[in-house]
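Here are the chains, one letter per residue:
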Amino acid sequence: MVKQVIGAFKDFLIKPVKKLFLGKKKISNFNDLRNFVSEKSAYVSQFTLYGYLRTRMGGINFYKSLDDLEFQKSVNIARWNIYLVSVQDLLLFTFSYIYNKQDRNIITNANSFFREILEEQEPYGLAIELKNKSIKEFSERVERVNWHMGYKQRPFEKSCEALFIWAPIADQLKDLDKEIVVNSMDVQWQNVMIDFVKLLQPLNTNVR
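Residues numbered from 1 in each chain as written. Predicted model: local features only at pLDDT ≥ 70, side-chain atom pairs only at ≥ 80, totals over all residues. Heavy atoms only, no water.

Draft legend 1. Structural detail: the pattern of salt bridges. Within the structure shown, the criterion is met by 10 salt bridges. E122 is paired through a salt bridge with K131; the nearest N and O atoms lie 2.5 Å apart. (Salt bridge = Lys/Arg side-chain N within 4 Å of Asp/Glu carboxyl O.)

Draft legend 2. Summary view of helix α5 (residues 69-101). Taking 1.5 Å per residue, 33 residues should reach 48 Å; α5 reaches 47 Å between its end C-alpha atoms and fits that length. Most of α5 is tucked away, with 24 of its 33 residues classed as buried. Its side-chain oxygen 3.0 Å from the backbone nitrogen of E70, D68 forms the N-cap of α5. (Helix = DSSP H or I, 4+ residues; strand = E, 2+ residues; numbered from the N terminus. Expected span 1.5 Å × (residues − 1). Buried < 20%, exposed > 50% of the residue type's maximum accessible area, 1.4 Å probe, protein only. Polar contact = N/O pair within 3.5 Å; in protein donor to acceptor, adjacent residues only side chain to side chain.)

Draft legend 3. The arrangement of helix α8 (residues 157-166) in detail. Among the residues making up α8, those that are buried are S159, C160, A162, L163 and F164. Contacts made by the buried residues of α8 are with α3 (30-57), α5 and α9 (171-199). (Contact = heavy atoms within 4.5 Å.)

Draft legend 4. How the structure looks around the confidence of the model for the protein. For the protein, the mean per-residue pLDDT works out to 88, and 88% of the residues sit at or above 70. Per-element confidence in the protein is highest for helix α7 (residues 128-144), whose mean pLDDT is 98, and lowest for helix α1 (residues 2-7), whose mean pLDDT is 47. Predicted confidence for residues 1-12 stays below pLDDT 50, and this span has 30 contacts to residues more than four positions away or in other chains. (pLDDT = per-residue confidence, 0-100.)

Draft legend 5. Focus on the environment of A42. Structurally, A42 is set in helix α3. Put simply, A42 and L84 are 42 residues apart on the chain and 8.9 Å apart in space, counted from C-alpha to C-alpha.

Draft legend 6. Looking closely at unusual backbone geometry. Unlike most non-glycine residues, R154 shows phi in positive territory, near 45°. By the element assignment, R154 lies in the loop between α7 and α8. Taking the relative accessible area as the measure of exposure, R154 reaches 62% and is therefore exposed.

Right, dumping it as structure tokens:
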């Protein structure tokens, strides 16, 4: 199913998704961390969105809809918005974890780190307006986050909500699906957290 879902939208964030399957690289510097956050966010956001659409619409209807321009537009809006919130959540989780386990100075890099990830996505179609809106939202989240507890307190709640909100499914149908949809994404994030803890090494913050 993974190949089917991702293959259906090969034009979106294809570079991060391809990288994801090349192996699990240790995280030992900022460059590794940036790749991890971007790639895992791309995977989780796409896998859960396309999986939800395929399940709710049925496989045949889902693939037929790929030729519908309005449907493509709706999915494009959804996938970018879900991806951006996913990056925010995962970045805050990883920085909070590192803040508590390794380096308390890392949080000073949060905003610039987020901007760098978004700038890498511009060639893949990230609109400037949406990019700037997300940067502002993230900056506001940074001001409110509890770095001591952030990695423990439902760190992926907002991206799970974003999946439910932005998925292009009729509201009357989505209302029946909320718990299942949110839980499906939460399961994916649990796996990402486990991977992160396993892969994290003492971080060399001089390598960006």
